Amino acid sequence: MAVFFLVRTREGISSQAGPKISSENNEMGATINNAAPTSRSMGKVCIVTGGSRGFGRGIALILAKEHGCTVYATARDLGKLQDLADQATIECAKLGSEGKVVPCQVDQKDDAAVKAFVEDVTAKEGKIDLLVNSAFQGLVAMTPQFGKTFWQKPLSMYEAEVDNFVRFAYVMSYYVAPVMVKNKSGLILGISSAGGVIYFADVAYCAGKAAFDKMHHDMACELREFGVFSMTLYPQAGITENANFPGGDTPCYAGRAVAALMNASEEDMSQLTGKVIQTREVADKFGFTDVDGKHPDGPFTNPEAVAGVRKAMRNPPHLNLDSPPIDPNGWKSMNAEGFADMFPGYKA
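These notes cover the structure that comes with them. (Residues numbered from 1 in each chain as written. Predicted model: local features only at pLDDT ≥ 70, side-chain atom pairs only at ≥ 80, totals over all residues. Heavy atoms only, no water.)

## Considerations on the overall build of the protein
Tallying secondary structure elements over the protein gives ten helices and nine strands in all. With 348 residues in all, the protein has 56% of them scored as buried. (Helix = DSSP H or I, 4+ residues; strand = E, 2+ residues; numbered from the N terminus. Buried < 20%, exposed > 50% of the residue type's maximum accessible area, 1.4 Å probe, protein only.)

## Considering the packing of aromatic side chains
All chains considered together, the criterion is met by 13 aromatic pairs. When the ring of Phe-136 is compared with that of Tyr-205, the centres are 6.0 Å apart and the planes differ by 65°; the resulting orientation is edge-to-face. Of the two residues, Phe-136 is situated in the loop between strand 6 (130-133) and helix 4 (138-142) and Tyr-205 in helix 6 (residues 203-223); the sequence distance between them amounts to 69 residues. Here Phe-136 matches Tyr-205 in class, with each residue buried. Residues Phe-200 and Tyr-205 carry aromatic rings whose centres are separated by 6.0 Å and whose planes lie at 65° to one another, so their mutual orientation is edge-to-face. The residues Phe-200 and Tyr-205 share a single accessibility class, namely buried. Taken together, the ring pairs connect Phe-136, Phe-146, Phe-165, Phe-200, Tyr-205, Phe-212, Phe-245, Phe-300, Phe-339 and Phe-343 into an aromatic cluster. The lysine or arginine in question, Lys-209, covers the ring of Phe-136, its NZ or CZ lying 3.9 Å from the ring centre. Cation over ring: Lys-285 sits above Phe-286, and NZ or CZ is 5.6 Å from the ring centre. (Phe/Tyr/Trp six-rings, centres within 6.5 Å; stacked < 30°, edge-to-face > 60°. Lys NZ or Arg CZ within 6 Å of the ring centre and 35° of its normal.)

## Some points on the environment of Lys-285
Looking at the element boundaries, Lys-285 is found in helix 9 (residues 279-286). For the pair Lys-285 and Ala-260, spaced 25 residues apart in sequence, the C-alpha to C-alpha distance is 9.3 Å. At 3.5 Å, the side chain of Lys-285 and the side chain of Asp-268 are in polar contact. (Polar contact = N/O pair within 3.5 Å; in protein donor to acceptor, adjacent residues only side chain to side chain.)

## Concerning the packing of helix 1 (residues 54-67) against helix 7 (residues 251-262)
Between helix 1 and helix 7, the least distance of the axes is 7 Å, while the angle of their chain directions is 55°. Overall, the two elements helix 1 and helix 7 adopt an arrangement that is oblique. The hand of the helix 1/helix 7 crossing is right-handed. In this structure, helix 1 uses Gly-54, Phe-55, Gly-58, Ile-59, Ile-62, Leu-63, Glu-66 and His-67 to contact helix 7, whose residues at the interface are Pro-251, Cys-252, Ala-254, Gly-255, Arg-256, Val-258, Ala-259 and Met-262. Residue composition of the contact of helix 1 with helix 7, grouped by class: ten nonpolar, four polar and two charged. (Axes fitted to C-alpha atoms, helices over the stretch in contact; angles between N-to-C directions. Parallel < 35°, antiparallel > 145°, perpendicular 65-115°, else oblique. Left-handed = near helix turned anticlockwise from the far one by under 90°. Contact = heavy atoms within 4.5 Å. Nonpolar A, V, L, I, M, F, W, Y, C, P; charged D, E, K, R; others polar.)

## Re the side chain of Asp-213
Residue position: Asp-213 is located in helix 6. An unpaired buried charge is present at Asp-213: no salt bridge exists, and Lys-209, the closest side chain of opposite charge, is 7.6 Å distant. Once you skip the residues sitting within four places of it in the chain, Asp-213 turns out to touch Ser-192, Ser-193, Gly-196, Thr-232, Tyr-234 and Val-276. (Lys, Arg positive; Asp, Glu negative; His and termini not counted. Salt bridge = Lys/Arg side-chain N within 4 Å of Asp/Glu carboxyl O.)

## As for the pattern of salt bridges
The final tally for this structure, using the stated rule, is eleven salt bridges. For the salt bridge of Arg-280 with Asp-284, the shortest nitrogen-to-oxygen distance reads 3.1 Å. With Arg-280 and Asp-284 both in helix 9, this residue pair falls four residues apart, about one helical turn. Take Arg-280 and Asp-284: they sit in the same class, and that class is buried. One salt bridge in this structure joins Glu-281 and Arg-310, with 2.7 Å as the shortest N-O distance. Here the residue Glu-281 occupies a position in helix 9, and Arg-310 occupies one in helix 10 (residues 303-314), the gap between them amounting to 29 residues.

## Describing helix 3 (residues 111-125)
With 15 residues, helix 3 extends 21 Å between its outermost C-alpha atoms, agreeing within 8% with the 21 Å of an ideal straight helix rising 1.5 Å per residue. Within the sequence span of helix 3, burial applies to Ala-113, Val-114, Ala-116, Phe-117, Val-118, Asp-120 and Val-121. Structurally, the start of helix 3 carries an N-cap: the backbone nitrogen of Ala-112 is 3.1 Å from a side-chain oxygen of Asp-110. Gly-126 sits one or two residues past helix 3 and shows a positive phi near 75°. (Expected span 1.5 Å × (residues − 1).)

## Description of the nonpolar core
Ranked by internal contacts, the top residues of the largest apolar core, which has 45 residues, are Tyr-72, Phe-117, Ile-128, Val-176 and Phe-343. Taken together, the elements giving at least two residues each to this core come down to strand 3 (45-48), strand 5 (100-106), helix 3, helix 4, helix 5 (156-183) and helix 6. Looking at this core element by element, the count peaks at eleven residues for helix 5. What Phe-343 contacts, discounting residues up to four positions off in sequence, is Leu-139, Thr-143, Phe-146, Asn-242, Ala-243 and Phe-245. By size, the runner-up hydrophobic cluster in this structure holds 43 residues, among which are Ile-59, Leu-78, Leu-189 and Val-258. (Core = buried A, V, L, I, M, F, W, Y, C linked by side-chain atoms within 4.5 Å.)

Set out below in structure tokens:
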């Protein structure tokens, strides 16, 4: 049995086992205030895993400063989480937001630590309105391996890209779901990618994304009667402290997509629960933009690219016996060695 303990540090929680990104109208004609906290979201309690970097960090910050939420951000690096909390305090003060980020050191490989963390949040808050499953350690392992086939890569790729992603989300959801069911309210939202429906970069990476997406759908099936929703969000590529896709989604854009779903009506969520939706699709539906007042418009984020992913979702090639034969060399265009340049923060 794992032994865990909690250490409180400057409003943070360290949960460990044993000793121990850094408006215009849309095509629907809708607009929202991208910077002012909304009454619908203020006071909500959120958990964002993988909060020390990338999309997780940006999502936590947006929920706190633009929506007045109390956000429990988890990761292994308490220092980076504290930096996030300090930034949130400054930016919330500038906007007059009552939101905050509570840094929580949690190793998601430790089930007992996850359980203790959720129990602590529940004891303090009495509810959890939103869980964002964003913890993913696979990019560190994947980036040096671009251009290789699955049998040329270390076997540990599977653990890094499947176990340390799907299981992380399953265990956190396992402990959060009863809290939401008791309150008959809540949203479990997974942060995934188009690798769940198209081949990109690595077999284990895509397998993990596909399993992750299906898991959130199946959780939705069992949660629906209790008034709780579950779904998956696809940010399109990314521009973060570690990734640099041209014209990619920023953490702010992803954060605004998450907030829009969190604040969506029950009618909208009844239709969306169990499904996968892309950030641009959320923006078009609910009316928000990125920090520059525009939408991302790179090769992976422009409307044509978004439509291409949606087409793949409607007709996945592995489920369609009439789909075109596999191109023997097609994988190389989606797994080129040069792709590592788009993940500068993870290059060896």
